[in-house]
Amino acid sequence: MSKTILVVEDNAMNMKLFCEILEGMGLTSLCAADGKTGLTLASDHRPDLILLDMQLPDISGLDVAQSIKANGELKHIPIIAVTASVMKGDEERIMASGCDIYVSKPVQIAEFMRVIRQTLDNPPIAKGLT
Ligand code: MN
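In this text, all values refer to a predicted model and were calculated from it rather than measured experimentally.

Q: Requested: an account of the sheet that holds strand 2 (residues 28-32), with residues and values cited.
A: Spatially, 2-1-3-4-5 is the arrangement adopted by the five strands of the open sheet, whose pairing is parallel. Each having just a single partner strand, strand 2 and strand 5 (101-104) make up the two edges of the open sheet. Ignoring which end each strand starts from, the neighbouring axes of this sheet average 20 degrees apart. Bridge count between strand 3 (residues 49-53) and strand 4 (residues 79-83): four bridges; the pairing is parallel. Among the inter-strand pairings, Leu52 is bridged to a residue of strand 4, identified as Ala81.

Structure, rendered in C-alpha cells:
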C-alpha cells in the first residue's frame with residue numbers, strides 16, 4: 001500500500017509542487033492549508049510522514065508540531081519542517097517543537113525527495129515531549 005504524506009502548507013503553489021513531487025515518488029498526499037485542518041487530518045488518517053510549513057495562517061507550525069508530539073497516538077509520525085527563514089535560534093525552536101528535520105524554502109527538489117525517502121525508510125525515534 002502506498003504511504004501517505006500529510007502536507008500542511010498554505011501557499012497554493014508550494015502545495016501543488018509538493019504534491020506533484022510526492023505523486024512522482026509513488027506516495028499519496030493529504031492536503032491541509034492551515035494548522036487546525038492539519039491536526040484534524042493527522043488524527044483522522046495517521047499519515048506516515050508530515051511535511052509542515054512553519055508559517056501558517058491560523059496556528060504556527062511550531063504549535064502544530066507540539067500538538068502532534070504531545071499526542072501519544074501521533075507522536076511517532078516523523079515531521080519534516082519546511083521553512084523560508086532560518087535565522088539564529090530558529091533551528092533550535094523548530095527542533096524543540098518536535099520536528100525531526102527541517103528543509104529550507106525554496107526547496108531543492110532532489111534534496112527534498114532524498115530527505116522524504118530517507119525519513120520514510122528510517123523514521124527518527126519519536127521524541128515525545130513531556
Ligand atoms: Mn506558509
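Q: So, the coordination of the manganese ion: which residues are in play, and what are the values?
A: Every protein donor of the manganese ion is listed here as Asp10 (OD), Asp53 (OD) and Gln55 (O), and their distances to the metal cover 2.0 to 2.2 Å. All donor residues of the manganese ion come from one chain, and their arrangement in sequence is D-x42-D-x1-Q. By relative accessible area, which is 2% here, Asp53 ends up buried.

Q: Quick one: what's the story with the nonpolar core, residue by residue and with numbers?
A: Ranked by internal contacts, the top residues of the largest apolar core, which has 20 residues, are Leu6, Val8, Ile50, Leu52, Ile68, Ile79 and Cys99. Of all the elements in the fold, those that place two or more residues in this core are strand 1 (4-8), strand 2, helix 2 (35-45), strand 3, helix 3 (61-69) and strand 4. In terms of residues, this core owes the most to one element, helix 3, which gives three residues. Leu52 has contacts with Val8, Gly61, Val64, Ala65, Ile79, Ile80, Ala81, Val82 and Cys99, leaving out every residue within four places of it along the chain. Listed in part, the 19 residues of the second largest apolar core include Val7, Leu27, Leu49 and Val82.

Q: Got a sec to walk through the pattern of salt bridges? Specific residues and values, please.
A: In the structure shown here, the tally under the stated rule is seven salt bridges. The partner of Glu9 in a salt bridge is Lys105, with the nearest N and O atoms 3.0 Å apart. Here Glu9, found in the loop between strand 1 and helix 1 (12-24), pairs with Lys105, found in the loop between strand 5 and helix 5 (109-121); they are 96 residues apart in sequence, far enough to count as distant. With respect to class, Glu9 is no different from Lys105; both count as buried.

Q: Before we move on, could you go through helix 1 and cite the residues and values that matter?
A: Residues that lie three or four places apart on an α-helix share one face, since the helix turns once every 3.6 residues. Taking 1.5 Å per residue, 13 residues should reach 18 Å; helix 1 reaches 18 Å between its end C-alpha atoms and fits that length. All buried positions along helix 1 are accounted for by Met15, Phe18, Cys19, Ile21 and Leu22. Around the axis of helix 1, the buried residues are gathered within 160 degrees of arc, so they sit on the same side. Exposed positions of helix 1 whose direction lies more than 90 degrees from the buried face are Ala12, Met13, Lys16, Glu23 and Gly24. Against the buried residues of helix 1 lie strand 1, strand 2, strand 3, strand 4 and helix 5. Capping the start of helix 1, Asn11 holds a side-chain oxygen 3.0 Å from the backbone nitrogen of Met13, two or three residues further along. Residue Gly26 follows helix 1 closely and has a positive phi angle near 80 degrees.

The rules we used
- Residues numbered from 1 in each chain as written.
- Predicted model: local features only at pLDDT ≥ 70, side-chain atom pairs only at ≥ 80, totals over all residues.
- Heavy atoms only, no water.
- Pairing = 2+ DSSP bridges.
- Helix = DSSP H or I, 4+ residues; strand = E, 2+ residues; numbered from the N terminus.
- Axes fitted to C-alpha atoms, helices over the stretch in contact; angles between N-to-C directions.
- Donors = N, O, S within 2.8 Å, 3.2 Å for Na, K, Ca; no water.
- Buried < 20%, exposed > 50% of the residue type's maximum accessible area, 1.4 Å probe, protein only.
- Core = buried A, V, L, I, M, F, W, Y, C linked by side-chain atoms within 4.5 Å.
- Contact = heavy atoms within 4.5 Å.
- Salt bridge = Lys/Arg side-chain N within 4 Å of Asp/Glu carboxyl O.
- Expected span 1.5 Å × (residues − 1).
- Arc of directions from axis to C-beta.
- Polar contact = N/O pair within 3.5 Å; in protein donor to acceptor, adjacent residues only side chain to side chain.

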